[in-house]
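# Remarks on the overall topology
Chain by chain, the residues:
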Protein chains: 2
Amino acid sequence: MIKVGIVGYGNLGKGVHSAVENAQDLKLVGIFTRRNVQDIKPIIETKVYSVNELEKFKGKIDVLLLCGGSATDLPNTTINYLKDFNTVDSFDTHAKIPDYYKKLEKVAKANKKLCAISIGWDPGLFSIARELFGAVLPNGNDYTFWGKGVSQGHSDAIRRIEGVIDAVQFTVPIDSAVNRVKKGLNPTLSAGEKHSRECFVAVKDDADKKLIEKQIKQMPNYFADYKTTVNFVSQSEVKKIRGKLPHGGFVIRTGESSEKTKDILEFSLKLDSNPEFTGSVLTAYARAIAKMAKEGFTGVMTVYDIPLKYLSSLTNEELRKRVL
Amino acid sequence: MIKVGIVGYGNLGKGVHSAVENAQDLKLVGIFTRRNVQDIKPIIETKVYSVNELEKFKGKIDVLLLCGGSATDLPNTTINYLKDFNTVDSFDTHAKIPDYYKKLEKVAKANKKLCAISIGWDPGLFSIARELFGAVLPNGNDYTFWGKGVSQGHSDAIRRIEGVIDAVQFTVPIDSAVNRVKKGLNPTLSAGEKHSRECFVAVKDDADKKLIEKQIKQMPNYFADYKTTVNFVSQSEVKKIRGKLPHGGFVIRTGESSEKTKDILEFSLKLDSNPEFTGSVLTAYARAIAKMAKEGFTGVMTVYDIPLKYLSSLTNEELRKRVL
């Protein structure tokens, strides 16, 4: 059995917990939190510890699944965990991945640990699709569309506006753009030409709805460059619409294998729960990291470095016989 | 530059040739044939040699792309090539892969060579999808549908019937089955419930069409278990319908990440030319084998053993920065 620990118990931590329970070859040693241990309510009964107790588990956990956020949490904490443990994380600030990689590589090598970064579905599975598609169809273009799904960053941004009680934002691929891509027209598309943004917002009784709508639609980076619709609904409606945080998307590459010979390659996901699926991906990669660490690998890996056989609970022989 | 040779120059060999020309980091040393050298008409000007001359190229070719068939060619010839060269092949007789693997592994290890087997889109890219999907969504089922596309084996089978001049057979996924799968109903589907078979047949003037139709529809393994339609057309029509041998298909996995939380994962291909695309995949894996052999790897590999980074002409740093 591969022994794992979960660090951080928000939506993603819970998703990982659920996935680890589904995996017959993984055993959860415990949840580690920076909050008060008694404030953590595990979705399935298990032990909860303070992160300060992690030291005691050195040598007793094969992989730590780091479930903190990419903005401030992972960049500051992963290095410390990596000194004593192999780790898997979902660092998803694309622009900062090279720096993050470099920093961790030093620590991992110095401490003979193995770590997988930027695991999930994007970055992660979609990164696999982009690379694989580009390698097998070099004369072409790829497009990544996200949604229809809840963007937590955009939902948070709306919630920070004065007068807003709760909000949920859906990122929606624009059909006409998708169709042009699928036809192989290789369009040049700005971010705002690929996706629209649908907001469901609950506000205080005395709130100025017109002002809030304007503040949302004009918010730079988040909404200003997109076709944005704002719907005012009740707080309970927001909660219902948000659901389990559905998401998904697709990577499409169209190109030519020779003159006038067109190919369309597509990888798509429709997910009822973004955190649960992301947790499932992290869990498969935790299995890989445990197996590879046992074989002596050290350093930092992304989805490009890990042979796919390590993700499966099947043996290599079974994979060749039953899945290949 | 990675130096490659193409062994065999049928449809697949030509597809590989086209793909190697598209790859800026690969250089074609030559085509090697068992036919008369003067009978080979390369799609792009290049040197053609007899396979008997291969010996002279020992140490001068990084990877041989073996473009023979899986029925009788590859099982008998790969071993000989592998003694002197790293190889990539498209061995696609699923049931015989474990045996083929075992035989080649001995030769590869003894001669310190590296070889990739069963490369293409199925086995190959679809195998990647099946394994990856199973690893990240263990509670679920996957389905592979092929087509709409030309099955060469089935077309050949029709052509062997007395009175038939030419024929092309399309394998077609049955919509109602696909829809049940996409809805996550996890149906149990026989081969004949997943695909139908459309045949376009040109016959001699004096042929007994009724008899030929009966012979096709009752042919065991190939047609008897499927809904089969037979259309009699002219020889030039068959040629036109066959086109560049279009094909494609999709792997779908539906499952639950937790109770009532459904996910749908899909990988699909629509290809104008099956041999050209298969050739493109072989070419990307030839790049990988050349790079890995240089790093000292030996033995037999499938898509499960080769880290994806090796497929790309980009450096690892570029992949992390631009594609991840």
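Quick look at the structure, then. (Residues numbered from 1 in each chain as written. Chains lettered and ligands numbered in written order. Predicted model: local features only at pLDDT ≥ 70, side-chain atom pairs only at ≥ 80, totals over all residues. Heavy atoms only, no water.)

## What to know about the overall build of chain A
Heads up, the rule is: The numbering of helices and of strands both runs from the N terminus, where a helix is a DSSP run of H or I of at least 4 residues and a strand a run of E of at least 2. In this setup the radius of gyration rests on C-alpha atoms only. A globule is expected at 2.2 Å times the number of residues raised to 0.38. Note on exposure labels: buried denotes an accessible area under 20% of the residue type's maximum, exposed denotes more than 50%, and partly exposed covers the range between, all computed with a 1.4 Å probe on protein chains only. Contact criterion: two residues are considered in contact whenever any of their non-hydrogen atoms come within 4.5 Å of each other. With residues, only the protein chains shown are counted as cover, and all accessible areas are computed by Shrake-Rupley using a 1.4 Å probe.
Looking only at helices and strands, chain A has eleven helices and 14 strands in total. Its C-alpha atoms give chain A a radius of gyration of 21 Å, within 12% of the compact-globule value 20 Å for 324 residues. With the principal axes as the frame, chain A shows a C-alpha extent of 60 × 55 × 35 Å. Taken across its 324 residues, chain A has 56% of its residues classed as buried. Sequence separation of 24 or more characterises 68% of the internal contacts of chain A that already satisfy a separation of 6 or more. Summed over its atoms, the accessible surface of chain A is roughly 14,500 Å², and 47% of this surface lies on carbon and sulfur atoms.

## Notes on the pairing of strand β4 (residues 63-66) of chain A
Here is the key point about a regular strand: its side chains alternate between the two faces of the sheet. All names here are of chain A. For the record, the criterion: In this description, strands pair whenever DSSP reports at least two bridges between them. When the strands point away from the viewer and the path from the first strand over the helix to the second turns clockwise, the crossover is right-handed.
Across the two faces of β4 the burial is the same, with V63 and L65 and L64 and L66 all buried. By the bridge criterion, four bridges tie β4 to strand β5 (residues 86-89) in an arrangement that is parallel. Across the sheet, the residue bridging to L64 is T87, located in β5. Read as a crossover between parallel neighbours, the route from β4 over helix α2 (residues 73-84) to β5 is right-handed.

## Describing the relation of the copies chain A and chain B
How we decide: For the least-squares superposition of copies, only C-alpha atoms count, and only for residues with pLDDT at least 70 in both.
Under the fitted operation, chain A is carried onto chain B by 0.0 Å of movement along the axis and a turn of 180°, and the coordinates agree to an RMSD of 0.0 Å. Such values leave the two copies arranged in the relation of a two-fold axis. The fraction of interface residues of chain A whose copies in chain B are also interface residues reaches 100%, indicating that both copies meet through the same surface.

## Some details on the packing of helix α10 (residues 274-294) of chain A against helix α4 (residues 125-136) of chain B
Convention followed: Axis geometry follows a simple rule: fit a line to the C-alpha atoms, using only the stretch in contact for helices, then measure angles between N-to-C directions, giving values from 0 to 180 degrees. Any angle from 65 to 115 degrees is called roughly perpendicular, while one under 35 is roughly parallel, one over 145 is roughly antiparallel, and all others are oblique. When residue character is reported, Ala, Val, Leu, Ile, Met, Phe, Trp, Tyr, Cys and Pro are called nonpolar, Asp, Glu, Lys and Arg charged, and the others, Gly included, polar.
Running from N to C, α10 of chain A and α4 of chain B point in directions that differ by 105°, and their axes come no closer than 8 Å. As summarised for this structure, α10 of chain A and α4 of chain B are arranged roughly perpendicular, according to the angle between their axes. Between α10 of chain A, through F277, S280, V281, A284, Y285 and R287 of chain A, and α4 of chain B, the contact on the second element is made entirely by L132, A135 and V136 of chain B. Classifying every residue of the contact of α10 of chain A with α4 of chain B gives seven nonpolar, one polar and one charged.

## A short note on the side chain of K194 of chain B
Residues and elements named next belong to chain B. Here is the rule: His is not counted here, nor are the chain ends, while Lys and Arg score as positive and Asp and Glu score as negative. A carboxyl oxygen of Asp or Glu within 4 Å of a side-chain nitrogen of Lys or Arg is what we treat as a salt bridge.
Considering the arrangement of structural elements, one finds K194 in helix α7 (residues 191-194). One buried charge, K194, has no salt-bridge partner; the nearest side chain with opposite charge is D142, at 7.8 Å. Here K194 is in contact with T144, F145, W146, V172, P173, I174, A177 and L189, once residues within four sequence places are set aside.

## Some remarks on α2 of chain A
Residues and elements named next belong to chain A. Definition in use: Note: the arc covers the axis-to-C-beta directions of the helix.
Within α2 the residues assigned to the buried category are D73, L74, T77, T78, Y81 and L82. For α2, the buried positions fall inside an angular range of 145° around the axis, keeping them on one side. Along its buried surface, α2 packs onto β1 (2-7), β4, β5, α3 (97-110) and β6 (114-116).

## Regarding the packing of helix α4 (residues 125-136) of chain A against α4 of chain B
Between α4 of chain A and α4 of chain B, the shortest axis-to-axis distance is 13 Å and the interhelical angle comes to 175°. Judged by the inter-axis angle, α4 of chain A sits roughly antiparallel to α4 of chain B. Taking contact as the criterion, the partners of L125, I128, L132 and V136 of chain A in α4 of chain A are, on α4 of chain B, L125, I128, L132 and V136 of chain B. For the contact of α4 of chain A with α4 of chain B, the residue count by class is eight nonpolar, no polar and no charged.

## Examining the nonpolar core
Quick reminder of the rule: What makes a nonpolar core is a set of buried Ala, Val, Leu, Ile, Met, Phe, Trp, Tyr and Cys residues whose side-chain atoms join them at distances within 4.5 Å.
Within the largest apolar cluster, 158 residues are counted, with the highest numbers of intra-cluster contacts made by V88 and Y285 of chain A together with V88 and Y285 of chain B. If sequence neighbours within four positions are ignored, V88 of chain A has contacts with V63, L64, L65, L66, A116, I119, L282, Y285, A286 and I289 of chain A.

## As for the pairing of strand β10 (residues 195-203) of chain A
All names here are of chain A. In terms of residue burial, β10 counts as a mostly covered element, since eight of its nine residues are buried. Here strand β9 (residues 164-173) runs beside β10; their pairing, made up of nine bridges, is antiparallel. Considered in β10, the bridge of P173 is made with H195. In the sheet, β10 pairs with strand β11 (residues 228-232) via five bridges, with the strands oriented parallel.

## Some details on the sheet that holds strand β11 (residues 228-232) of chain B
Residue and element names in this part refer to chain B. In space, the four strands of this open sheet follow the order β8-β9-β10-β11, with mixed pairing throughout. Each edge of the sheet is formed by a strand with only one pairing partner; in this case those strands are β8 (149-150) and β11. Lying on the sheet, helix α8 (residues 209-217) is in contact with β9 (164-173), β10 (195-203) and β11; it crosses β11 at an angle near 150°. Strands β8, β9 and β10 of the sheet are contacted by helix α9 (residues 235-242), whose axis makes an angle of about 35° with β9.

## Considerations on the pattern of salt bridges
Residue and element names in this part refer to chain B. Tallied over the full model, the rule gives 32 salt bridges over all chains. Close ionic contact of R34 with D73 constitutes a salt bridge, the shortest N to O distance being 3.0 Å. With R34 in the loop between β2 (26-33) and β3 (48-50) and D73 in helix α2 (residues 73-84), this pair connects stretches of sequence that are 39 residues apart. Residue classification places D73 among the buried positions, given a relative accessible area of 16%.

## Describing the interface of chain A and chain B
Inclusion rule: Joining two parts hides part of their accessible area as seen by a 1.4 Å probe, and the buried area is that hidden amount summed over both. In protein, a polar contact means a hydrogen-donor-capable atom and an acceptor-capable atom, both N or O and within 3.5 Å, with residues adjacent in sequence counting only if both atoms are side-chain atoms; elsewhere, any N or O pair within 3.5 Å suffices.
Taken together, the contact between chain A and chain B spans 59 residues of the former and 59 residues of the latter. Summed over both partners, the interface of chain A with chain B comes to about 5,300 Å²; 58% of that surface belongs to carbon and sulfur atoms. If you sort the residues of chain A by the area they bury against chain B, Y304, R320 and L324 of chain A come out on top, with a joint share of 16%. Of the charged contacts, one joins K309 of chain A and D305 of chain B as a salt bridge, the two residues approaching to 3.0 Å between their closest N and O atoms. Applying the counting criterion to the chain A and chain B interface returns 37 residue pairs in polar contact (both at pLDDT 80 or more). Among the secondary structure elements, those contributing two or more residues to the side of chain A that touches chain B are α1 (11-22), α3, α4, β12 (247-258), β13 (261-271), α10 and α11 (316-323) of chain A. Top element by residues in the side of chain A that touches chain B is β13 of chain A. It accounts for eleven residues. Per-class residue counts for the side of chain A that touches chain B are 28 nonpolar, 14 polar and 17 charged. In terms of strand pairing, β13 of chain A meets strand β13 (residues 261-271) of chain B through nine bridges, oriented antiparallel. Across the sheet, residue D263 of chain A finds its bridge partner in β13 of chain B, namely L271 of chain B.

By themselves, these figures tell us nothing about what the structure is for.
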